[in-house]
Structures are given as structure tokens and as C-alpha cells.
Amino acid sequence: MDIPTPIPAQPTRFLDQLRGFIRLRGLAYKTELTYVFWIKRFIRFQDRKHPRSMGTAEVEAFLSHLVLQANVSVATQRVALNALIFLYREFLGTPLDNLQYEVARKPKRLPTVFSAEEARSVISHLEGEYQLIAMLLYGAGLRISEALRLRVKDVDFGMQQLIVRCGKGGKDRITLLPDRLIEPLRLQIESALHLHQSDLVKGFGSVYMPAGLARKYPSASEESAWQYVFPAPDLSIDPRSGIRRRHHLIDRTVQKHFKIAINASGIRKPAGSHTFRHSFATRLLEAGYDLRTIQKLLGHSDVRTTEIYTHVVRKGGFGVRSPVDEAF
């Protein structure tokens, strides 16, 4: 899902032209997938009319439909709105004026967070590379996709930091490399590079490279620095390019191991891989770190996104001590 679908050099289909425009803007591939999804849904809702023949009225009707009939959340409606604004303002050059639509009013859910004891328990029920991935999520605030896409060159032992390339929103950022994970990561990288050398001997060893870098550095795909820290156990054929190579671990596989570990820990709250990232932010707040620092480590563009963690720190209810605790 992180390898862009090939499009013709001179696209004629509307959606291919849109995809090409998005890539020229340098947006993340996940953003492309999201925008195309909502634009296609908008077109289908309007009986497959071409977007050029529609405008403000049709967009208003679609956004209201999402709330009144589809019952979507505030965040989901906002994503759809962003996709359509991009379509009309950036791609078609016809901005939408004075949109009037039914706004979603569902309250934003607070993130699920592990206690320190719960996080330790889940991690203790994992083994090998799955345990190391969980510790990266919890110890450095990575998203699961960011951890799985780590390449050897992104682990800076000298500066003791991790470089997250093309995170959410297509942004790079730097986060910490925990002391506890230095040696396990060294061993994991040694294992990954040993596997890479074995692939080279067998005539493989070329890893996926973003299109621009692949053209600029045609031999870099076989270099050690570009190999994934968490390679997949088997070679596979990339269905988009037809090239047989080793990709990184699939997030579905990692999520499956996480879910088994969460259940084995007896945790009944709705938790998953992202719960480790939420817990990272909450632990930092509990330790007294300021919101701006946590914002940078998480890669949030707006500090208001980070502020939600102030509502889930230990001692819920704003730290108030309950009368029942005083009486009994």
C-alpha cells in the first residue's frame, strides 16, 4: 500500500490525471489514496457526473449526505471536505465559494491509552522483531507504518535518533532512539543485512525505491543503507512493477501479533498498534514534558492535535480526588 500505482506518462483518464497532479505536488501516497477515494465517492454520489460540470451545490449536498445519511464523524467529514477542496481549488482551478452544509457534530473520541503496566505486559507477550516494533512504537512514538518503513540509513546511532521519512502528510521528522533499543536495533540491522547479502548472492537484493530516487540513483536499491530494518521473511513479486524482491513486513501481520498479545494480557479496552503511540505521548506528559516538544516528536502539524492527550493522563477527571476515596 505504500508503493504508488503506475500511471501513464500522458494520462487521459480523469483520475489518472488527478493522481499525476497529486504526485507532482509531492503529497504522500496515503494522501493520494485518501483523496482519490473521496473524490470517487463524490462522483458516484452525483450519478457519475464529471466534476467539471459540478460545483458548490453538489459538494454541499454530498457533505450533508455524509452526516445525515452516512452518519460519519467530524474527522471523516473533514477529510472528505479537504479532498474536494483540493480537487476544485488546486486541480480544477475553480475554488468552492461559501460552502453551506450540515456539519458533523459527533464528539471527538479520546484516544485509548495503555498504563505503564499494560504496555509492559503486552510487550512481554511478543517475541523477536514483533517485540522490537512494539517497543519502537511505545518508546519513540512511531506509527506502525513509520516503523515498518524504517531503512538502515534512518537509524542514527551516533546522534541516537530515528529519522522518519515521509510520515503522515509527507513530512520528515526526527524522534528519539531510546537507550534500551540501541543494542536490539543493532542486532536487527545485522540480521536484515545478512539476509540482504544472501539475496544478492541469489541474484536479488534490490529494494523498492521511490520513483524519483530510483531514476537518480539506479544502483542505490542494492546498497545496504537503503534496506528495510524489518524485511519480510520471503521474496515476493511486486504486482505493480513485476519485480521480485524483498519488501518490509506487512502491517496486517504485525497487527495480528499485537492483537494476540493484547488478548493474552487480559486487556479489554479497544487497543491496537496505535495505542502504543498514544501511550508514548501520555507518558511524556505525565513526566512533565511540554506540549511543543511532544508535538515535534509525534509529527503533529497543529499543537491542538497533541492537546487531546492532556485529557487522558493518569488521574482522570483533571486530577481531582474523589470524595469516595476520602471517605472509605
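Residues numbered from 1 in each chain as written. Predicted model: local features only at pLDDT ≥ 70, side-chain atom pairs only at ≥ 80, totals over all residues. Heavy atoms only, no water.

In this section: the UniProt feature "domain: Core-binding (CB)" (unreviewed entry) in the protein. With numbering matched to this structure, UniProt assigns "domain: Core-binding (CB)" (unreviewed entry) to residues 5-92. Its end C-alpha atoms 22 Å apart, residues 5-92 is made of 67% helix and 0% strand. (UniProt positions renumbered as here; feature names shortened; annotations may be inferred. Helix = DSSP H or I, 4+ residues; strand = E, 2+ residues; numbered from the N terminus.)

Between two aromatic rings, the relevant description is the distance of the centres plus the angle of the planes. Under the definition given, this model contains 12 aromatic pairs. Taking the centre distance of 5.6 Å and the plane angle of 65° together, the rings of Phe42 and Phe62 count as edge-to-face. In this pair, Phe42 is assigned in helix 2 (residues 29-45) and Phe62 in helix 3 (residues 56-68), connecting sequence segments 20 residues apart. Classification of Phe62 as buried rests on a relative accessible area of 1%. Here the aromatic cluster, defined as three or more aromatic residues joined through ring pairs, consists of Phe37, Trp38, Phe42, Phe45, Phe62 and Tyr88. Stacked on the ring of Trp226, the Lys or Arg Lys153 has its end atom at 4.4 Å from the ring centre. (Phe/Tyr/Trp six-rings, centres within 6.5 Å; stacked < 30°, edge-to-face > 60°. Buried < 20%, exposed > 50% of the residue type's maximum accessible area, 1.4 Å probe, protein only. Lys NZ or Arg CZ within 6 Å of the ring centre and 35° of its normal.)

On to the environment of Gln161. Note on placement: Gln161 falls in strand 2 (residues 161-164). Exposure remark for Gln161: the relative accessible area of 16% places this residue in the buried category. For the pair Gln161 and Leu176, spaced 15 residues apart in the sequence, the C-alpha separation amounts to 4.5 Å. Ignoring sequence-local partners within four residues, the contact set of Gln161 consists of Asp154, Val155, Asp156, Ile174, Thr175, Leu176 and Leu177. (Contact = heavy atoms within 4.5 Å.)

Relative to the 20 Å expected for 14 residues at 1.5 Å per residue, helix 10 (residues 251-264) spans 20 Å between its end C-alpha atoms, a close match to the ideal helical length. Of the positions making up helix 10, those classed as buried are Val254, Phe258, Ala261 and Ile262. Taken down its axis, helix 10 places every buried residue within 100° of arc, on the same side. The exposed set on the far side of helix 10, more than 90 degrees from its buried face, consists of Arg252, Lys256 and Ile260. Each element contacted by the buried residues of helix 10 is listed here: helix 5 (116-124), helix 6 (128-140), helix 7 (144-148) and helix 11 (273-286). (Expected span 1.5 Å × (residues − 1). Arc of directions from axis to C-beta.)

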